[in-house]
Amino acid sequence: MLPWIQLDRATIPGDGGELRLKQRGSEFSIMLGSTELMNSRLSGSEEALATLCCERIAGRKNASILIGGLGMGFTLRAALGGLPDDARVTVAELVPAVVDWARGPMSGLHEGTLDDPRVDIRIGDVGALIRSQKTAYDAILLDVDNGPDGLTRASNDSLYNHSGLRAAKVALRANGVLAVWSSAPDSAFTRRLREVGFATDEVNVRANGKRGGARHVLWMATKR
């Protein structure tokens, strides 16, 4: 078996912590400490996050989408595949090196999506961007942690608490969708979504789509 090779490392702004980009043959992995955040072999649930969300906003003209976290680009690529030419997709990525990796060693995974004219890459905190907007987005997709807690940085907890969910609701247009990816169920998060006033569905998906893999959870929460 081929050994893993570490290609680069990058400090997460704010709360510290370090991301490491590793490669083994054609396979890539992004690690936080001993936790694997992303692996290029497992894209099914990230793609489902975008696909299911786009289905819920289908038919809207000039749709505006915010994606929190670029990662390996699976969510962005699937969103672009499900959106018309008049849509606009903003991607907020906190770690500048992740964008560099997308244009460098992982460019083959991203398939030119960063250069799509519908895409605007913003370097910065997705939470701050959400809090600065009002009725700006038809959908907000969050895939910045392994679930609704601040794994990559403690301040990300503010995305998932009552205050953060209310901010997301304000930033969404009428019947807008907040879509959140998680590696595991979280009944407390489901309860918070409903307490804030979202109509909420939980969808169980497999990490590698129809080919199986671990079970992940997607929340599709619609602004009422």
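In what follows, the structure referred to is the one given above.
The notes below deal with the structure included here. Quick caveat, the model's predicted, so the values are computed rather than measured.

Attention now goes to unusual backbone geometry. Phi is mostly negative for residues that are not glycine, and the peptide bonds are mostly trans. Not every positive phi belongs to a glycine, and asparagine 62 is a case in point at roughly 55 degrees. Here asparagine 62 shows up in the loop between α1 (44-56) and β5 (64-68). We note that glutamate 111 has phi near 55 degrees; this positive angle belongs to a residue other than glycine. With respect to the element layout, glutamate 111 can be found in the loop between α4 (107-110) and β7 (119-123).

This part is about the packing of aromatic side chains. What the rule picks out here adds up to 2 aromatic pairs. With centroids separated by 6.0 Å and ring planes inclined at 80 degrees, the aromatic side chains of tyrosine 160 and phenylalanine 189 adopt a geometry described as edge-to-face. Here phenylalanine 189 lies in helix α8 (residues 187-196) and tyrosine 160 lies in helix α6 (residues 157-160), a separation of 29 residues in the sequence. Of the two residues, tyrosine 160 and phenylalanine 189, both sit in the buried class. Every member of this aromatic cluster is reached through a ring pair, and the members are Tyr160, Phe189 and Trp219.

Now for the layout of surface pockets. In this model, the largest pocket occupies a volume close to 180 Å³. Taken together, 12 residues line the largest pocket, and the ones lying closest to its centre are Glu36, Leu37, Leu42, Trp181 and His216. In terms of residue count, strand β4 (residues 35-39) provides more of the lining of the largest pocket than any other element does, 4 residues in total. Residues belonging to the lining of the largest pocket are distributed by class as follows: 6 nonpolar, 4 polar and 2 charged.

The subject of this paragraph is the nonpolar core. Core analysis: the largest hydrophobic core is formed by 48 residues, its most contacted members being Leu19, Leu76, Trp101 and Leu141. It is α1 that contributes the most residues to this core, 6 residues altogether. Counting residues in each nonpolar core, the second largest holds 26 residues, with Ala92, Val144, Leu172 and Phe189 among its members.

Our next topic: the sheet that holds strand β6 (residues 88-93). Taken together, the 7 strands give an open sheet; going across it, the order is β7-β6-β5-β8-β9-β11-β10, and neighbouring strands pair in mixed fashion. Both outer strands of the open sheet, β7 and β10 (198-206), are each paired with one neighbouring strand and no more. Averaged over all pairs of adjacent strands, the angle between their axes in this sheet comes to 15 degrees, without regard to strand direction. Across 5 bridges, β6 lies against β7 in parallel orientation. Counterpart to valine 91 in the pairing with β7 is isoleucine 121. Docked against the sheet, α1 engages β8 (137-142), β9 (172-182), β10 and β11 (215-223), running at close to 20 degrees with respect to β11.

We now examine the pattern of salt bridges. Applying the stated criterion to the full structure yields 11 salt bridges. Across the pair glutamate 47 and arginine 77 runs a salt bridge, and its minimum N-O distance is 3.5 Å. Residue glutamate 47 is found in helix α1, and its partner arginine 77 is found in helix α2 (residues 74-82); the two are separated by 30 residues along the sequence. When the shortest N-O distance is used, the salt bridge between glutamate 111 and arginine 77 registers 3.5 Å. You can see glutamate 111 sitting in the loop between α4 and β7 and its partner arginine 77 sitting in helix α2, a full 34 residues away along the chain. Residues joined in a network through salt bridges with shared partners are Arg24, Glu27 and Arg41.

Conventions and cut-offs
- Residues numbered from 1 in each chain as written.
- Predicted model: local features only at pLDDT ≥ 70, side-chain atom pairs only at ≥ 80, totals over all residues.
- Heavy atoms only, no water.
- Helix = DSSP H or I, 4+ residues; strand = E, 2+ residues; numbered from the N terminus.
- Phe/Tyr/Trp six-rings, centres within 6.5 Å; stacked < 30°, edge-to-face > 60°.
- Buried < 20%, exposed > 50% of the residue type's maximum accessible area, 1.4 Å probe, protein only.
- 1 Å grid on protein atoms, 1.4 Å probe; cavity = no way out; pocket = protein on both sides within 12 Å on 5 of 7 lines; lining within 4 Å.
- Points joined across faces, edges and corners; volume = space filled by probe spheres on them.
- Nonpolar A, V, L, I, M, F, W, Y, C, P; charged D, E, K, R; others polar.
- Core = buried A, V, L, I, M, F, W, Y, C linked by side-chain atoms within 4.5 Å.
- Pairing = 2+ DSSP bridges.
- Axes fitted to C-alpha atoms, helices over the stretch in contact; angles between N-to-C directions.
- Contact = heavy atoms within 4.5 Å.
- Salt bridge = Lys/Arg side-chain N within 4 Å of Asp/Glu carboxyl O.

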